[in-house]
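What the coordinates show
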Amino acid sequence: MPDVYVVQGGSPAQMAYDAISQVFHEDPAELSILLKVNTGFKGPAASGLCTHPEVVRGLIRYFKERNTKQLYVGDSSIVGVDSMEALKSAGIWDVCQAEGVQCLNLDDSGMREQEIPDPIMVSRLKMSNLPFEVDRVISVPVMKTHMYAGVTLSIKNMKGCLFQKDKTRLHRINQAPPDIHKGKCLDYGIVDLTKVCYPDYVVTDGVVAMEGFGPSGGTPVELGVVLASDDALSADLTAIQLMGMAVDDVPHLNLVREYRSLHVADIRVHPADYLKWARRFRLASEHDLHLHYPNPRVVDKGACSACHAAMVQFFRYHHQEYENGPEATLVFGGDATAEDCQGGRVVLVGNCTAKLRGEGRAFCKGCPPVPSQIARTINAGTTLDD
Ligand code: SF4
């Protein structure tokens, strides 16, 4: 029977310390351990964008006090974001320096190809070495809504273990999912990932979470909780209920639940009345983005999360410039075709769309593209520079 502990109240470091104490019953002196944080994006510390640095401090202190054989903290950011800069802006690098723990870009540990058993969407994935070299991996995500995956929690956090540009693979699968009513390609792709990269423990940071246009353009929510479990799926199913969702609201979690044959009724959450700390998170989907901002129109055909982040940031900072025209269409993703390039000023966004250049279409280069450059290209109505 999986157990999940929800801790509320006190400092973030103490909550994290107390949470891991409840679930970690091995002797760390015998173990090398990776704290796999979430620093996919670069932004201010404790803003809901990345794992709270004090949560990381609490975990480091727990493992240092128990003479852990070797402790690492690390992540690899989305394409286009410097991983070390993201760890620094999140305040995690400073905490690691102060506590004397190695803070790493996972990509720097080298690459291995992992074969996926019984593959659904992908048969192999390129992964960073370190998560496979340590004895235990602890996923330490920050609790966020996600425009495409519903939420990003401990299971989806493991996508940061994909090596360099292979992080975009699961967003760029060009085949129909087995059952579109159960999930999109990305959801099934996450199930494939879990077959080779599943955390041993989870400590979920819900101190400052994110709602709305996550994972990068949402707004902070001060929920003030930390969760821990030795079962990642149970931790994530508990977290979504704290976020005001039903237990079957998130397709990739439903698919992982099916794959791992977990019965929700078997999950024991402590304290039993933990939902007194729940709050309804505002959700956001790609569809909502289009409703919020009808101009420019967006065509997204297989763009990865780095382009999605650029898209959200573009609307966040520039949408008011286009409320009254000029009408434009932004085309993202390597699967876009000439038929998608219709409607007002057509701007091809990101290097994946370069093959569609010509026929009067403007092109905004970049991998990922820069939001202000997208705006400049729309305004110019033509490609600005090469
Ligand atoms: S151009 Fe955009 S969709 Fe293509 S790989 Fe780069 S960031 Fe991803």
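Residues numbered from 1 in each chain as written. Predicted model: local features only at pLDDT ≥ 70, side-chain atom pairs only at ≥ 80, totals over all residues. Heavy atoms only, no water.

**Here's the deal with the pairing of strand S10 (residues 201-211)**
Within S10, 11 of the 11 residues are buried, which leaves it mostly tucked inside the rest of the structure. Bridging between strand S7 (residues 136-140) and S10 involves 2 bridges; their strand directions are parallel. Its bridge partner lying in S10, Ile138 is registered against Tyr201. Here strand S8 (residues 142-146) runs beside S10; their pairing, made up of 2 bridges, is parallel. Bridging from a neighbouring strand, Val142 pairs with Asp205 of S10. Relative to strand S11 (residues 219-229), S10 runs antiparallel, the two being bridged by 9 bridges. The residue bridging Val202 from the neighbouring strand is Ser229, located in S11. (Buried < 20%, exposed > 50% of the residue type's maximum accessible area, 1.4 Å probe, protein only. Helix = DSSP H or I, 4+ residues; strand = E, 2+ residues; numbered from the N terminus. Pairing = 2+ DSSP bridges.)

**As for the nonpolar core**
Formed by 82 residues in total, the largest nonpolar core has its most connected members in Met143 and Phe332. If you count residues domain by domain, this core takes at least three from each of domain 1 (3-277) and domain 2 (286-380). Residues contacting Phe332, with those up to four places away along its chain left out, are Val298, Val299, Asp300, Lys301, Ala303, Cys307, Met311, Val349, Thr353 and Ile374. By size, the runner-up hydrophobic cluster in this structure holds 45 residues, among which are Val23, Val101, Met210 and Ala228. (Core = buried A, V, L, I, M, F, W, Y, C linked by side-chain atoms within 4.5 Å. Domains from an automatic or database assignment. Contact = heavy atoms within 4.5 Å.)

**Regarding the domain arrangement of the protein**
Think of interface size as the accessible area that goes away when the parts come together; that is how it is often given. Here the protein is described as being made up of domain 1 (3-277) and domain 2 (286-380). A separation of 30 Å is found between the C-alpha centroids of domain 1 and domain 2. Taken together, the contact between domain 1 and domain 2 spans 15 residues of the former and 20 residues of the latter. Between domain 1 and domain 2, a total of about 1500 Å² is buried, with carbon and sulfur atoms accounting for 62% of that surface. Looking at the side of domain 1 facing domain 2, the largest losses of area belong to Tyr148, Arg172 and Phe213, adding up to 37% of the total buried there. Here domain 1 is connected to domain 2 by 0 salt bridges. Put simply, domain 1 and domain 2 have 2 residue pairs in polar contact (both at pLDDT 80 or more) between them. In the side of domain 1 that touches domain 2, the residues fall into 6 nonpolar, 6 polar and 3 charged. (Buried area = accessible area lost by both parts, 1.4 Å probe. Salt bridge = Lys/Arg side-chain N within 4 Å of Asp/Glu carboxyl O. Polar contact = N/O pair within 3.5 Å; in protein donor to acceptor, adjacent residues only side chain to side chain. Nonpolar A, V, L, I, M, F, W, Y, C, P; charged D, E, K, R; others polar.)

**What about the site of the ligand?**
Around the ligand, the neighbouring residues are Ala303, Cys304, Ala306, Cys307, Gly350, Asn351, Cys352, Gly366, Cys367 and Pro368. By residue class, the composition of the shell around the ligand is 7 nonpolar, 3 polar and no charged. (Near = heavy atom within 4 Å.)

**Remarks on the sheet that holds strand S14 (residues 328-332)**
Within the open sheet, the 4 strands sit side by side as S13-S14-S15-S16. Their pairing is parallel. Because the sheet does not close on itself, it has two edges, and the strands there are strand S13 (297-300) and strand S16 (362-364). Neighbour to neighbour, the strand axes of the sheet diverge by 25° on average, direction disregarded. Here 5 bridges tie S14 to strand S15 (residues 345-349), and the two strands are oriented parallel to one another. Paired with Val331 across the two strands is Leu348, which belongs to S15. Against the sheet, helix H10 (residues 305-318) engages S13, S14 and S15, with an angle of about 175° to S13. (Axes fitted to C-alpha atoms, helices over the stretch in contact; angles between N-to-C directions.)

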